[in-house]
Amino acid sequence: MGSVTIASMYGNAGSTIAREAAEELGLPLIDRAIPVEVAERIAHPLDQALADDEREPRNLATRLLDGAISTSGLFVGVPIGHSHLGDDENVHATEEALRKAAATGGAVVLGRAGVFVLAERTDTLRVRLIGSPERRVFAAMRHLGVDEETSRRQLAEVDRARAAYLDHFYPRQDWRDPEHYHLLLDSTVLSEALCTWLIVAAARDLFSRAA
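Being a predicted model, the structure only gives us computed values, none of them experimental.

Participant: Describe the packing of aromatic side chains, listing the residues and the values that go with them.
Facilitator: Under the defined criterion, the tally for this structure stands at 1 aromatic pair. Summarising the aromatic geometry, the rings of Phe-116 and Tyr-170 are spaced 6.0 Å apart at their centres and angled 40 degrees between planes, so their arrangement reads as tilted. Linking Phe-116 in helix 5 (residues 114–117) with Tyr-170 in the loop between helix 7 (148–169) and strand 5 (183–186), this pair joins segments that are 54 residues apart in sequence. Per residue, the accessibility class of Phe-116 equals that of Tyr-170, and both read buried.

Participant: Give me the packing of helix 6 (residues 133–144) against helix 7: which residues, what numbers.
Facilitator: Axis separation between helix 6 and helix 7 bottoms out at 9 Å; the angle between their running directions is 115 degrees. Judged by the twist between their axes, the crossing of helix 6 over helix 7 is right-handed. Taken together, the residues of helix 7 that come into contact with helix 6 (itself represented by Pro-133, Glu-134, Arg-136, Val-137, Phe-138, Ala-140, Met-141 and Leu-144) are Glu-148, Ser-151, Arg-152, Gln-154, Leu-155 and Asp-159. Split into classes, the residues belonging to the contact of helix 6 with helix 7 amount to 7 nonpolar, 2 polar and 5 charged.

Participant: Explain the side chain of Ser-151 residue by residue, including any values.
Facilitator: Mapped onto the fold, Ser-151 is located in helix 7. Excluding anything up to four places from it in sequence, Ser-151 contacts Tyr-10, Arg-136, Val-137, Ala-140, Met-141 and Val-146.

Rules of the game
- Residues numbered from 1 in each chain as written.
- Predicted model: local features only at pLDDT ≥ 70, side-chain atom pairs only at ≥ 80, totals over all residues.
- Heavy atoms only, no water.
- Phe/Tyr/Trp six-rings, centres within 6.5 Å; stacked < 30°, edge-to-face > 60°.
- Helix = DSSP H or I, 4+ residues; strand = E, 2+ residues; numbered from the N terminus.
- Buried < 20%, exposed > 50% of the residue type's maximum accessible area, 1.4 Å probe, protein only.
- Axes fitted to C-alpha atoms, helices over the stretch in contact; angles between N-to-C directions.
- Left-handed = near helix turned anticlockwise from the far one by under 90°.
- Contact = heavy atoms within 4.5 Å.
- Nonpolar A, V, L, I, M, F, W, Y, C, P; charged D, E, K, R; others polar.

In short, geometric facts, not functional conclusions.
Here it is, written out as structure tokens:
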């Protein structure tokens, strides 16, 4: 088989699309490290930590983002033990888990910098879900059943936290660069069902040729 990495921001319906793609492909799902509720919880201290990062690089921001990883856990792969909580070993353990999953049958990976961790594997489809912030606000209102004020606040908090995770732990990589991805899909315009179908079709094609 093979793997699929899906990069997704707030309002892209990434959780739904990743779950449905995993079911269609018969692969386990490794979910994101920073879900909405975690991003909301760390929003204010993270803003301050990132502002202070020039004076104390990789200090409080590292602990906050690293703590998000340990809170979210992993659905498959290498479990993260309590001895690793609070340091960069969580990032290394996550990377090991993704590589192990990819090497032992594959997985659908939502977030977790999977696009970089599995970049060298020829049997991995790399996908990014896109959409303007304005369209993502209203898409999230439909998907999550929240009002506009809540959606705008959550978009700012979640986008900041997920971007900070990538920029902080993978500073030499630009996750915004489309060259990192095989497939870019605007899930605020295309339906979730169509995005899932396109990902599954592309993955099966890549898997067959990689084999």
